[in-house]
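Breakdown of the fold
Spelled out, the chains give:
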Protein chains: 2
Amino acid sequence: MTNSPDETIGFIGLGLMGRPMATHLHQSGYPLVIYNRSKSVVAELCTLGMTTAASPRDAARQSTIIIVMVSDTAATEDVLLGDEGVVQGLSSGSLVIDMGTTAVAATRRFAQQIGRLGGDYVDAPVSGGQVGAQQAALTIMAGGSDAAFARAKPVFETLGRHVTRVGDVGAGQVAKAANQIIVGLTIGAVAEALTLAKKAGVDPAKVRAAFEGGFAWSRIMELHGQRMIDAEFIPGAKAVTQRKDLAQALVLAEQLGIDLPATRLNRDLYDQLIEQGGGELDHSALVKVIDTEI
Amino acid sequence: MTNSPDETIGFIGLGLMGRPMATHLHQSGYPLVIYNRSKSVVAELCTLGMTTAASPRDAARQSTIIIVMVSDTAATEDVLLGDEGVVQGLSSGSLVIDMGTTAVAATRRFAQQIGRLGGDYVDAPVSGGQVGAQQAALTIMAGGSDAAFARAKPVFETLGRHVTRVGDVGAGQVAKAANQIIVGLTIGAVAEALTLAKKAGVDPAKVRAAFEGGFAWSRIMELHGQRMIDAEFIPGAKAVTQRKDLAQALVLAEQLGIDLPATRLNRDLYDQLIEQGGGELDHSALVKVIDTEI
């Protein structure tokens, strides 16, 4: 694995995803300065040799690359532009990388603000969930200049297996929106198909096995089809997060003046799941809206 | 390849799918008696050494295994139960295999009628399209008794790569209905996702490449995502056929008392494509309903 220990990484956001990502970067030789709102995880990671920052500003001050991995657009805005935010401590020449799932319009705005301070910006949202983060097997979809992407690449290669620059700033978030549409809608497709089989008296596990390698096969059928068969919904990725990502994709579609009817329906089905009390379950629990006996 | 040349195969229906399937069976050593409504293809296949039958009845009379591969439930009923149908010529101990996509309730009724005459029945619809038929790489989902499936298996292994007995008579058609739900809805998901990317100014080909191997990856993205990017809709499988299969799946769902909202919407989107004049295009042309500039 290539790395650039002449870069110091400020890592902000140590949740389900951020914590294993920071750990991989530390293990591959990068000096890390970490910040997280909740302090218990910070204390734990410090024992491994990472440095603590008092605020995002403080993390930016001590770093050359700042990675942000927080829950949504509002939290990202606060971390970047808030009173104690990254912009308050950023040095000219630093690189900010947002690896969360953030609205496209906000992403372009954040990049402009960072650019005015002489910083560079890459949006690099990921797919692969907590397991992908733990195994350093994330899919990373990046938007930014060629130069900024080249600088970020050794970091990405420490965290993921499939790293693509899809275009300029914002393009990574566009790809992530597209990714979440496919994930949500394919979960919905698998849910309806396996429920039909089950209600018709045919073993869904045999149907899933029959599909292997054929036109109906997908990573979603492989992983989430099995979860539905087992009715095992401990979250890798939560239904509320999937719902948020679909709503964000629909805002983007509206801004572009296009209608995405299946995405709208899928968001409504996630709303039903959340109303049923399933918001904290894995997003594959969408099957519970179709098959009310699960 | 195992084969059983002590069986003679009557093959009824020599269209896009049936013709290459009959040819593979002939090449692997089975004596073939063929019937097709349109006669030009029959004349052509006879030059390869296959025998012609004057009717489905005639084909049944000369065979021990009768394979039916016609366009829909009504055509299958006519071939099996009509005045010149298979039941008129069937010998006790013969095996009837329906490899088309046929309604589940009708399938069970056909199997009963064949059973009364001492025949056995397997429903074995396929996935993989014309290319899968040509390459003997079909996915085959079979329903029937263990004994009937065991007898049919060498035939299936001549035609496909992934052969599964999913349950008793009708189970193959249930699996096929589930398969078509996933195919139609995943095409719809890929169409919305790639259209969003394109309208947001991001190259859909790069988005597709970024997804490879990740959670948004599927056989549909691999094959039909590329078709959408190329706007290349010469049919492997036609939109009107996909629409018919979805409608059939919805009839089954209604009989079972379950609601499949995303499948309903997907059928409606195929109706829009057909209204736009796209019914004879490949089913991936559904993207033309979402992206009206393609």
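Residues numbered from 1 in each chain as written. Chains lettered and ligands numbered in written order. Predicted model: local features only at pLDDT ≥ 70, side-chain atom pairs only at ≥ 80, totals over all residues. Heavy atoms only, no water.

Some details on the overall build of chain A
Keep this limit in mind: Strands are runs of DSSP state E lasting at least 2 residues, helices are runs of H or I lasting at least 4, and numbering of each runs from the N terminus. Every radius of gyration here is taken over C-alpha atoms, with the globule rule written as 2.2 Å times N^0.38, N being the number of residues. Exposure classes here rest on a 1.4 Å probe applied to the protein chains alone. A residue is buried below 20% of its type maximum, exposed above 50%, and partly exposed in between.
Across its full length, chain A holds 13 helices and 9 strands. By the compact-globule yardstick of 19 Å for 294 residues, chain A fits well, its C-alpha radius of gyration being 20 Å. C-alpha atoms of chain A, sized along the principal axes, occupy 65 × 45 × 35 Å. Burial analysis of chain A (294 residues in total) assigns 60% to the buried set.

Points about helix α10 (residues 219-230) of chain A
Applied cut-off: To estimate how far a helix should reach, multiply one less than its number of residues by 1.5 Å. Think of it as the arc spanned by the lines of direction from the helix axis to the C-beta atoms. Pairs of residues are marked as contacts when any of their non-hydrogen atoms sit within 4.5 Å.
With 12 residues, α10(A) extends 17 Å from end C-alpha to end C-alpha; this agrees with the ideal 16 Å at 1.5 Å per step. Of the residues making up α10(A), those classed as buried are Ile220(A), Met221(A), His224(A), Gly225(A), Arg227(A) and Met228(A). On an axial view of α10(A), the arc spanned by its buried residues comes to 155 degrees, and they lie on one face. Tucked into the core, α10(A) has its buried residues touching α8 (171-199), α9 (204-211) and α13 (287-290) of chain A together with α8 (171-199) of chain B. Two residues or fewer past α10(A), Ala231(A) is found with a positive phi of approximately 50 degrees.

Considering the side chain of Thr107(B)
Residues and elements named next belong to chain B. Along the chain, threonine 107 turns up in helix α5 (residues 104-116). By relative accessible area, which is 0% here, threonine 107 ends up buried. Leave out the neighbours within four places in its chain, and threonine 107 touches Thr102, Tyr121, Asp123, Val169, Gly170 and Gln173.

Things to note about the pattern of salt bridges
Our working rule: Take a side-chain nitrogen of Lys or Arg and a carboxyl oxygen of Asp or Glu: if they are within 4 Å of each other, that pair is a salt bridge.
For the coordinates displayed, the defined rule picks out 34 salt bridges over all chains. Linking Glu77(A) and Arg109(A) is a salt bridge whose minimum nitrogen-to-oxygen distance equals 3.0 Å. Linking Glu77(A) in helix α4 (residues 73-81) with Arg109(A) in helix α5 (residues 104-116), this pair joins segments that are 32 residues apart in sequence. Here Glu77(A) falls in the partly exposed class, since its relative accessible area comes to 28%. Overall, Arg109(A) belongs to the partly exposed group, its relative accessible area being 38%. When the shortest N-O distance is used, the salt bridge between Lys244(B) and Asp245(B) registers 3.1 Å. Residues joined in a network through salt bridges with shared partners are Lys198(A), Lys199(A), Asp291(A) and Glu293(A).

A closer look at the environment of Gly236(B)
Residue and element names in this part refer to chain B. Within the element layout of this structure, glycine 236 appears in the loop between α10 (219-230) and α11 (239-256). In the structure, glycine 236 is positioned 61 residues away from alanine 175 in sequence and 20 Å away in space, judged by C-alpha atoms. Discounting chain neighbours no more than four positions away, the residues touching glycine 236 are Gln130, Arg227 and Asp282.

Looking at the relation of the copies chain B and chain A
We count it as follows: Superposing copies: least-squares fit, C-alpha atoms only, residues required to have pLDDT of at least 70 in both.
After a rotation of 180 degrees and a shift along the axis of 0.0 Å, chain B superposes on chain A with an RMSD of 0.0 Å. Here the transformation between the copies is reduced to the relation of a two-fold axis. When C-alpha distances to the rotation axis are compared across chain B, the minimum falls at Ser218(B), with a value of 2.0 Å. Mapped onto chain A, 100% of the interface residues of chain B again fall at the interface, so both copies present the same surface.

What about the interface of chain B and chain A?
Selection criterion: Accessible surface is computed with a 1.4 Å probe, and the buried area is the amount of it that two parts give up when combined, taken over both parts together. We call two N or O atoms a polar contact when they sit within 3.5 Å, provided that within protein one can donate a hydrogen and the other can accept it, with sequence-adjacent residues counted only if both atoms are side-chain atoms. All residues other than Ala, Val, Leu, Ile, Met, Phe, Trp, Tyr, Cys, Pro, Asp, Glu, Lys and Arg, Gly among them, are scored as polar; the first ten of these are nonpolar and the last four charged.
Counting residues at the interface gives 60 residues for chain B, matched by 60 residues for chain A. Summing both sides of the interface, chain B and chain A together bury roughly 4900 Å²; the carbon and sulfur share of this comes to 74%. In this structure, the connection of chain B to chain A is made through 8 residue pairs in polar contact (both at pLDDT 80 or more). Elements represented by at least two residues in the side of chain B that touches chain A include exactly β8 (138-143), β9 (160-167), α8, α9 (204-211), α10, α11 and α12 (261-275) of chain B. A total of 19 residues in the side of chain B that touches chain A trace back to one element, the largest contributor, which is α8(B). Residues belonging to the side of chain B that touches chain A are distributed by class as follows: 39 nonpolar, 13 polar and 8 charged.

Looking at the packing of aromatic side chains
Residues and elements named next belong to chain A. Put simply, the test is: Each aromatic pair joins two rings of Phe, Tyr and Trp (for Trp, the six-membered one) with centres within 6.5 Å, and gets the label stacked for planes under 30 degrees apart, edge-to-face for over 60, and tilted for any other angle.
Counted by the stated rule, this structure contains 2 aromatic pairs over all chains. Summarising the aromatic geometry, the rings of phenylalanine 149 and phenylalanine 156 are spaced 6.2 Å apart at their centres and angled 40 degrees between planes, so their arrangement reads as tilted. For the residue pair phenylalanine 149 and phenylalanine 156, the accessibility class agrees, reading buried in each case.

Looking at the domain arrangement of chain A
All names here are of chain A. Note the threshold: Residue ranges for the domains originate in an automatic or database domain assignment.
Segmentation of chain A into domains returns domain 1 (9-168) and domain 2 (174-290). Taking only C-alpha atoms, the centre of domain 1 and the centre of domain 2 are 28 Å apart. Counting residues at the interface gives 14 residues for domain 1, matched by 11 residues for domain 2. With both sides pooled, the region where domain 1 packs onto domain 2 buries about 970 Å², and carbon together with sulfur makes up 59% of that total. Counting the surface domain 1 buries against domain 2, the share from its top three residues, Thr101, Val104 and Met141, is 44%. Looking at the side of domain 1 that touches domain 2, the elements with two or more residues in it are α5 and β7 (126-127).

As for the confidence of the model for chain A
Our working definition: The pLDDT value expresses, per residue, how confident the predictor is, ranging between 0 and 100.
In the predicted model, chain A carries a mean pLDDT of 96, and 98% of its residues have values of at least 70. Two numbers describe this predicted complex: its pTM, 0.94, and its ipTM, 0.95.

Brief notes about the nonpolar core
Basically, it comes down to this: Joining through side-chain atoms within 4.5 Å is the link that ties buried Ala, Val, Leu, Ile, Met, Phe, Trp, Tyr and Cys residues into a set, and such a set is a nonpolar core.
By size, the foremost hydrophobic cluster in this structure holds 100 residues, and its most contacted members are Leu196(A), Phe211(A), Leu196(B) and Phe211(B). With sequence-adjacent residues up to four places away left out, Leu196(A) is seen in contact with Ala177(B), Ala178(B), Ile181(B), Ala249(B), Leu252(B), Ala253(B), Leu256(B), Ile258(B) and Leu260(B).

Comments concerning the packing of α8(A) against helix α12 (residues 261-275) of chain A
All names here are of chain A. Filter applied, for reference: Axes, fitted as lines to C-alpha atoms, cover a helix only where it is in contact. Angles between the N-to-C directions of the axes lie from 0 to 180 degrees. Oblique is the label for every angle not falling under 35 degrees (roughly parallel), over 145 degrees (roughly antiparallel), or within 65 to 115 degrees (roughly perpendicular). Rotating anticlockwise by less than a right angle from the far helix to the near helix defines a left-handed crossing, while the corresponding clockwise rotation defines a right-handed one.
It is the contact of α8 with α12, at a shortest axis distance of 10 Å, that shows an interaxial angle of 70 degrees. Judged by the angle between their axes, α8 and α12 are roughly perpendicular. Our pair here, α8 against α12, has a crossing hand that is left-handed. In this structure, α8 contributes Ile181, Gly184, Leu185, Ile187 and Gly188 to the contact, and α12 contributes Ala262, Thr263, Asn266 and Tyr270. Tallied by class, the residues present in the contact of α8 with α12 amount to 5 nonpolar, 4 polar and no charged.

Quick look at the pairing of strand β6 (residues 120-123) of chain B
All names here are of chain B. Rules: The pairing criterion for strands is at least two bridges between them, as found by DSSP. By convention, orient the strands away from the viewer: a clockwise path from the first strand over the helix to the second makes the crossover right-handed.
As defined by bridge partners, strand β5 (residues 95-98) adjoins β6 across 4 bridges and the pair is classed as parallel. Residue leucine 95 lies in a different strand from β6, and its bridge partner there is aspartate 120. Traced from β5 through α5 to β6, the parallel crossover comes out right-handed.

With respect to empty space enclosed by the protein
To be explicit about the condition: Definitions used throughout: a 1 Å grid over protein atoms alone; a cavity as a set of points that fits a 1.4 Å probe which cannot get out; a pocket as an open set with protein on both sides within 12 Å along at least five of seven lines; a lining residue as one with an atom within 4 Å of a point. Grid points are joined across faces, edges and corners, and a volume is the space filled by probe spheres set on the points.
Per the stated rule, a full pass over the model turns up 1 cavity of 30 Å³ or more. Computed from the structure, the largest cavity encloses a volume of approximately 110 Å³. Considering the residues around the largest cavity, the lining is formed by 14 residues, among which Leu185(A), Ala262(A), Leu265(A), Leu185(B) and Ala262(B) are closest to the centre. Secondary-structure elements contributing two or more residues to the lining of the largest cavity are α8 and α12 of chain A together with α8 and α12 of chain B.

Let's talk about the pairing of strand β4 (residues 65-68) of chain A
It is a general feature of regular strands that their side chains alternate between the two faces of the sheet. All names here are of chain A. Burial along β4 is two-sided: the face carrying Ile65 and Ile67 and the face carrying Ile66 and Val68 are both buried. One ladder, built from 4 bridges, connects β4 with strand β5 (residues 95-98); its direction is parallel. Counted as the bridge partner of isoleucine 65 is leucine 95 from β5. The handedness of the β4 to β5 crossover, carried by α4, is right-handed.

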